[in-house]
Amino acid sequence: MASAGLPYPDRFYAAAAYVGLGGGGSESDVLSRFSSESALLLYALHQQATIGPCNTPKPRSWSPIEQSKWASWQKLGGMASAEAMRLFVKILEEEAPTWYTNVPGYTVPPTIEVPMHKPKEETIVEAGTSNHTFSEPKIITTENGTPSQTEDKDVIMEGLSSVAVYDQWTPLSVSGQNPKSRYQHGAAVVQDKMYIFGGNHNGRYLSDLQVLDLKSLTWSKVDAKLQQTGSSESAIITMAPCAGHSLMSWQNKILSIAGHTKDPSETLSLKEFDPQTGTWSNLRTYGAPPISRGGQSVTVVGSTLVIFGGEDAKRTLLNDLHILDLESMTWDDIDTIGTPPSPRSDHVAACHAERYLLIFGGGSHATCFNDLHVLDMQTMEWSRTKQQGVVPGPRAGHAGVTVGESWFIVGGGNNQAGVSETLVLNMSTLVWSVVTSVQGRVPLASEGLSLVVASSYNGDDYLVSFGGYNGKYSNGVFVLKPSNKSGAQGNLIEGEEVSDSTIAVQPTRNNSRDLDPEVEQVPQGNNKIKEISMDSNINNGRSEEIAAKLKAEKEEIEGALNREQIENLRLKQELGEAEGRNSELTKELQSIRGQLAAEQSRCFKLEVDVAELRQKLQALETLEKEVELLQRQKVATEQAEMESKQKQGSGGMWGWLVGTPPDLSDSS
């Protein structure tokens with residue numbers, strides 16, 4: 001997430017301090033501030049991140065809390081410390097989205113609202129007329145980021161057609177009751193209306209269905225009904241709140257696929273909303289459905305839905321592939337070959353030429369990805385392609401839509417901040433380029449935003465973004481009008497060419513707009529535009545010379561800006577690689593620290609054994625001295641007895657010789 005703005009591991013330590021596991025409070029604070037399940041998981045992840053895998057024996061106490069804490073820690077197995085840190089922060093942000101505002105010593109970064117686009121005066125040359133200049137409609141952004149009057153009084157346009165500038169994000173001024181701010185919601189367009197369903201706000205799942213009329217730019221809420229199974233009547237009920245689901249339009253109806261709920265089911269849920277009747281219904285499917293999940297990608301390929309990846313109710317990341325035939329409503333069990341993408345969620349997917357499924361980005365519990373994988377739907381073979389052009393940085397929680405051969409990618413986060421650039425991939429050549437970038441903490445640089453494609457009455461396509469989360473929740477609507485230039489192979493790194501070995505994808509050129517966005521013909525009968533007359537004293541030749549100079553300066557500035565953006569992306573990529581290496585070194589350091597702690601423990605045990613042996617040795621020396629003393633006493637006693645016997649024997653003999661008889665009383 002991009003919420004806290006602190007890099008790891010500082011963000012983890014700040015989160016631990018808020019929870020009460022950072023040394024500033026007791027562990028009992030966790031159980032009192034969170035649910036038992038969340039508290040135990042937070043405790044276990046903190047132990048795993050700071051100490052490592054659980055190697056302590058099971059506690060012998062009868063306390064159920066201590067038993068549960070040990071069991072939660074033991075279940076984490078050999079999870080890496082970095083992954084435990086990131087999962088700790090992610091769970092805390094779901095439980096308490098504003099936790100970082102209460103961390104001592106941490107200051108919330110100021111919200112910088114900047115205008116999304118500052119329109120420039122474009123020179124429009126009308127065929128068959130003299131060189132007159134026309135001003136584009138003015139877009140004025142107030143301090144709080146909401147647009148004021150966005151069209152000239154003499155210009156009358158309808159809905160999205162009020163956006164006249166190409167390849168720049170513009171905030172829309174809408175009427176009606178704005179929906180609640182949210183992210184991880186679903187969005188789909190049916191008959192010039194954008195439907196928003198569900199989402200996440202402050203850790204709580206939502207269940208409301210909101211509609212934005214793209215002609216009148218008016219919000220309204222739908223009181224949906226749920227058709228009960230086996231009954232002809234419908235009742236107005238509250239749909240089950242969900243987030244991380246996918247919303248798709250199909251045959252003028254809306255499909256809601258999967259998603260996280262408070263009480264998840266075992267298998268993936270599939271619901272259908274009919275805008276004509278305003279009713280939801282549960283769709284019955286056949287075959288073996290996939291397990292329930294959220295954060296997956298769902299792509300329409302012909303008359304099928306292709307579902308990849310996501311995260312199940314137990315927070316296990318997935319990389320399985322499932323296909324639902326929308327005509328027979330049957331699940332197909334698909335076997336693929338090649339190396340599939342690693343398990344992930346919050347990625348995006350697209351289909352090109354009704355054959356190739358593209359998977360980009362996403363994240364695990366520990367890192368974000370920027371890899372691009374392609375699945376050939378005919379051979380069912382996975383391949384990881386070499387990306388060309390401006391290779392995007394890692395991101396998760398971004399959104400993507402296709403317009404012709406162009407795949408537009410908006411928003412997302414990289415575990416440090418929101419991603420500011422809007423990218424486009426030419427799917428036939430797999431060449432990336434930058435469409436535009438935003439500055440400041442704006443909703444477009446967010447995770448969990450939605451992105452749809454809408455068309456106006458004049459045939460132009462528009463990208464419409466809603467919601468998102470980058471430290472605060474958003475309910476803003478932004479529009480970008482893509483040009484042919486944004487889908488071409490422009491904005492490439494200098495000197496880099498597309499390799500001939502790039503995967504060949506059948507091209508289908510989009511010729512709906514052949515006009516240059518900078519020099520556009522104005523057909524008669526279109527919207528009336530106020531003409532700004534030129535000074536009659538300036539001749540046409542002088543005007544053309546000035547216009548040529550200005551155009552050359554503009555191209556030079558755009559080229560320099562493009563090079564700076566490329567350099568910025570390269571530096572971001574190098575920074576990401578350096579952080580990855582730093583993370584690996586951190587893991588190695590923690591492993592070495594663990595080994596050192598084990599060696600220290602073994603050395604301490606050896607020292608204790610040596611001390612015991614020394615005590616036994618001293619006791620043995622004392623016993624040897626006592627034995628030696630006893631032996632000496634024994635020898636002395638024996639010598640004394642021998643001497644006494646010798647004296648007695650020699651006295652008797654001498655007395656015999658001298659005629660003195662021995663004393664019989666003594667002998668007796």
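Not measured: the values here are computed from a predicted model. (Residues numbered from 1 in each chain as written. Predicted model: local features only at pLDDT ≥ 70, side-chain atom pairs only at ≥ 80, totals over all residues. Heavy atoms only, no water.)

Enquirer: I would appreciate a short explanation of the overall build of the protein chain in the present structure.
Expert: Looking only at helices and strands, the protein chain has 8 helices and 29 strands in total. When burial is assessed residue by residue, the protein chain has 42% of its 668 residues classed as buried. For the protein chain, contacts bridging at least 24 residues in sequence account for 60% of all contacts bridging at least 6. Accessible area of the protein chain: about 36,400 Å², with a carbon and sulfur share of 51%. (Helix = DSSP H or I, 4+ residues; strand = E, 2+ residues; numbered from the N terminus. Buried < 20%, exposed > 50% of the residue type's maximum accessible area, 1.4 Å probe, protein only. Contact = heavy atoms within 4.5 Å. Areas by Shrake-Rupley, 256 points an atom, 1.4 Å probe, with all protein chains shown as cover.)

Enquirer: Before we go on, may I ask you to explain the side chain of S428 in this structure?
Expert: Looking at the element boundaries, S428 is found in the loop between strand 24 (421–426) and strand 25 (431–437). For S428, the side chain forms a polar contact with the side chain of E405, separated by 3.2 Å. A distance of 2.6 Å separates polar atoms of two side chains, one belonging to S428 and the other to N426. (Polar contact = N/O pair within 3.5 Å; in protein donor to acceptor, adjacent residues only side chain to side chain.)

Enquirer: How do you make sense of the pattern of salt bridges when you look at a structure like this?
Expert: Opposite charge on two side chains lets them pair, provided their charged atoms get close. The full count for this structure, using the stated rule, is 15 salt bridges. The shortest N-O distance in the salt bridge between E66 and K69 comes to 3.5 Å. Here E66 and its partner K69 are both found in helix 4 (residues 64–75), 3 residues apart, which amounts to about one turn of the helix. With a relative accessible area of 35%, E66 lands in the partly exposed category. Since its relative accessible area comes to 10%, K69 is described here as buried. Here the salt bridges share partners, and the residues they tie into one network are R395, E421 and K572. (Salt bridge = Lys/Arg side-chain N within 4 Å of Asp/Glu carboxyl O.)

Enquirer: Help me out: how do you make sense of the pairing of strand 12 (residues 279–282) in this one?
Expert: Every other side chain in a regular strand lies on the same face of the sheet, so the side chains alternate between the two faces. Both strand 7 (residues 225–227) and strand 12 contribute to a ladder of 2 bridges, which runs parallel. Looking at the pairing, L226 lines up with W280 of strand 12. Relative to strand 12, strand 11 (residues 270–274) runs antiparallel, the two sharing 4 bridges. Within the sheet, the bridge partner assigned to E272 lies in strand 12 and is S281. Counted between consecutive antiparallel strands, the loop separating strand 11 from strand 12 contains 4 residues, among which G278 sits at a positive phi close to 70 degrees. (Pairing = 2+ DSSP bridges.)

Enquirer: Any chance you could explain the sheet that holds strand 19 (residues 372–376) here in plain terms?
Expert: Two strands in a sheet stick together by hydrogen bonds in their backbones, pointing the same way (parallel) or opposite ways (antiparallel). The strand order across the open sheet built from 4 strands is 17-18-19-20, with neighbouring strands paired in antiparallel fashion. Either end of the sheet is taken by a strand with one partner, and the two such strands are strand 17 (348–352) and strand 20 (381–384). Mean inter-strand twist for the sheet, computed between neighbouring axes without regard to direction, equals 20 degrees. Relative to strand 19, strand 18 (residues 356–360) is paired through 5 bridges, and the arrangement is antiparallel. Paired with I359 across the bridge in strand 19 is H373. (Axes fitted to C-alpha atoms, helices over the stretch in contact; angles between N-to-C directions.)

Enquirer: How should the packing of helix 3 (residues 36–50) against helix 5 (residues 81–95) be read in this particular structure?
Expert: Helix-helix packing: each pair is described by the crossing angle between the helix axes and the interaxial distance. Running from N to C, helix 3 and helix 5 point in directions that differ by 155 degrees, and their axes come no closer than 8 Å. For the element pair helix 3 / helix 5, the angle class is roughly antiparallel. Seen along the crossing, helix 3 lies across helix 5 with a hand that is left-handed. Contacts from S38, L41, L42, L45, H46, Q48 and A49 of helix 3 reach helix 5 at S81, A84, M85, L87, F88, I91, L92 and E95. Of the residues contributing to the contact of helix 3 with helix 5, the split by class is 10 nonpolar, 4 polar and 1 charged. (Parallel < 35°, antiparallel > 145°, perpendicular 65-115°, else oblique. Left-handed = near helix turned anticlockwise from the far one by under 90°. Nonpolar A, V, L, I, M, F, W, Y, C, P; charged D, E, K, R; others polar.)

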